[in-house]
Amino acid sequence: MFISEEVEGLSQEYIDNPFGKKRDKRIEGWLQILNALPRPENIHVELDSQVSVNFSFNDNKLLEEKLLGLLPWRKGPFKLNEIIIDSEWDSGKKWERFLKLNQNLKGKSILDVGSGNGYYAFRMIGEGANQVLCLEPNLMHVSQFASINHFIGSKSVRMIPERLEHLGLKNSYFDLIFSMGLLYHQRNPKEHLTDLKKLLSKKGKIILETIISPKKYGKLLEPKDGNYASMPNVHYIHTDYGCKLLFKQLGLKVVTESELQATEGEEQRRTKWMPFKSFESALDKNNKSLTVEGYPAPQRKFYVLEVSGI
Ligand SMILES: C[S@@+](CC[C@H](N)C(=O)[O-])C[C@H]1O[C@@H](n2cnc3c(N)ncnc32)[C@H](O)[C@@H]1O
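Our subject in this report is the structure included herewith. (Residues numbered from 1 in each chain as written. Predicted model: local features only at pLDDT ≥ 70, side-chain atom pairs only at ≥ 80, totals over all residues.)

## Thoughts on the site of the ligand
Now for step 1: Residues in close proximity to the ligand total 18 residues, the closest being G114, N138, R163, M180 and G181.
Now for step 2: Of the residues in the shell around the ligand, the class split is 6 nonpolar, 8 polar and 4 charged. (Near = placed C-beta within 6 Å. Nonpolar A, V, L, I, M, F, W, Y, C, P; charged D, E, K, R; others polar.)

Set out below in structure tokens:
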């Protein structure tokens, strides 16, 4: 069974058809690419220090062309034989920051909300996690997950192309719930955290990663028209104080937290696999401490939270 009877039932249909009954004019093209991927043999998978898979296949050039058809690759990198999918984000850097918090993933059931293409889920398996359920409404990421897992063949990671609040899980509980890069996109951050809290197993933990605004904003920064660092739909960027107040109101306590980390051009940049606008268009050209909209440049932080019992 995958995590719970409920999750088993909800996730089954996406094993063979990653998009389920979703309608999108891009799906046909993605399915053509996915169906034309070579059947891998003699597979060797590595997930602890990187997401890498080697297999017998001699036309890597053709394979690279097919995978480029799933552009833009925002999360990664992934290594398939000699092909390196050099994504916009070097997601390994965020993962290293998480690992420094010394959380044990061995044997854990995990929910990764807003998982992107599953890069982190594979790294979680590499750290010994038992099963990881990914929720990701952006079908482009879903197509990429399907392509990578075609080669890796993991039965321990499943992806459902739905938003957390639309899936409506009721009888499933997770040891760890990751919400990375989501809080500032929420119209109702309190509701988001409450939804996560409801799905925690006893002694479960939420791993929250988000952008933090400087102290001078009090509880939070509210970007005008939802635009921040060239990103749309950014509703609230909490300060560290604002986050901790929110946690307290919701009966969550901070078990551990990371340092602040400013995003740099090394971690997010345009590449052959994501040839569109990237971090260089997020900051003011004449003052890199500001975003193009004039707000403080992004700094990110991890919090590990558990229910405080109040
Ligand atoms: C900024 S990206 C972060 C991706 C990844 N977690 C990371 O940290 O690199 C946010 C992702 O969350 C997804 N997302 C946004 N709202 C969501 C929701 N309510 N439920 C599930 N996924 C959501 C988006 O489609 C997007 O892929």
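## A few points about helix α7 (residues 139-152)
Now for step 1: Helix length check: α7, at 14 residues, gives a terminal C-alpha distance of 20 Å against a target of 20 Å (1.5 Å per residue), a fit within 8%.
Now for step 2: Inspection of α7 places H141, V142, S143, Q144, F145, A146, S147, I148, N149, F151 and I152 among the buried residues, and these make up the whole buried set.
Now for step 3: Looking one or two places after α7, you find G153, whose phi comes out positive at around 70°. (Helix = DSSP H or I, 4+ residues; strand = E, 2+ residues; numbered from the N terminus. Expected span 1.5 Å × (residues − 1). Buried ≥ 20, exposed ≤ 12 C-beta atoms within 10 Å, placed from the backbone.)

## Some remarks on unusual backbone geometry
Now for step 1: Looking along the chain, the bond that leaves L71 and enters P72 is cis, with omega of -5°.
Now for step 2: In this chain, G76 is followed by P77 through a cis amide linkage whose omega measures 5°.
Now for step 3: Following the sequence through the fold, P77 ends up in the loop between α4 (60-68) and β3 (78-80).
Now for step 4: For I3, which is not glycine, the phi dihedral falls at a positive 65°.
Now for step 5: Note that I3 resides in the segment before α1 (5-11).
Now for step 6: On the neighbour-count criterion, I3 (21 C-beta atoms within 10 Å) is buried.
Now for step 7: One non-glycine residue with positive phi stands out, namely K203, at about 70°.
Now for step 8: By secondary structure assignment, the location of K203 is in strand β9 (residues 200-211).
Now for step 9: For K203, a count of 8 C-beta atoms within 10 Å corresponds to the exposed category.

## Re the environment of N287
Now for step 1: You can see N287 is positioned in strand β15 (residues 287-291).
Now for step 2: We classify N287 as exposed; it has 10 C-beta atoms within 10 Å.
Now for step 3: Along the primary structure N287 and E13 are separated by 274 residues, whereas in three dimensions their C-alpha atoms are 49 Å apart.

## Notes on the sheet that holds strand β1 (residues 41-46)
Now for step 1: Taken in spatial order, the 4 strands make up an open sheet running β1-β2-β3-β4, and their pairing is mixed. Among the strands making up the open sheet, the edge pair consists of β1 and β4 (83-85). With strand direction ignored, the average angle separating the axes of adjacent strands in the sheet is 15°.
Now for step 2: Two elements, β3 and β4, share 3 bridges in a ladder whose sense is antiparallel. If you follow L80 over to β4, its bridge partner there is I83.
Now for step 3: Running over the sheet, α4 touches β3 and β4 and is turned about 15° from β4.
Now for step 4: On the sheet, α7 packs against β1, β2 (51-56) and β3 and is oriented at approximately 55° with respect to β2. (Pairing = 2+ DSSP bridges. Axes fitted to C-alpha atoms, helices over the stretch in contact; angles between N-to-C directions. Contact = placed C-beta atoms within 7 Å.)

## Notes on the pairing of strand β6 (residues 131-135)
Now for step 1: Buried residues dominate β6, accounting for 5 of its 5 residues.
Now for step 2: Across 5 bridges, the pairing between strand β5 (residues 109-113) and β6 is parallel. Paired with I110 across the strands is V132, a residue of β6.
Now for step 3: Since β5 and β6 lie parallel, the crossover through helix α6 (residues 119-126) that links them has a hand, and here it is right-handed.
Now for step 4: By the bridge criterion, 4 bridges tie β6 to strand β7 (residues 157-160) in an arrangement that is parallel. The partner of C134 across the bridge, within β7, is M159.
Now for step 5: For the crossover from β6 across α7 to β7, the handedness is right-handed. (Right-handed = clockwise from strand over helix to strand, strands pointing away.)

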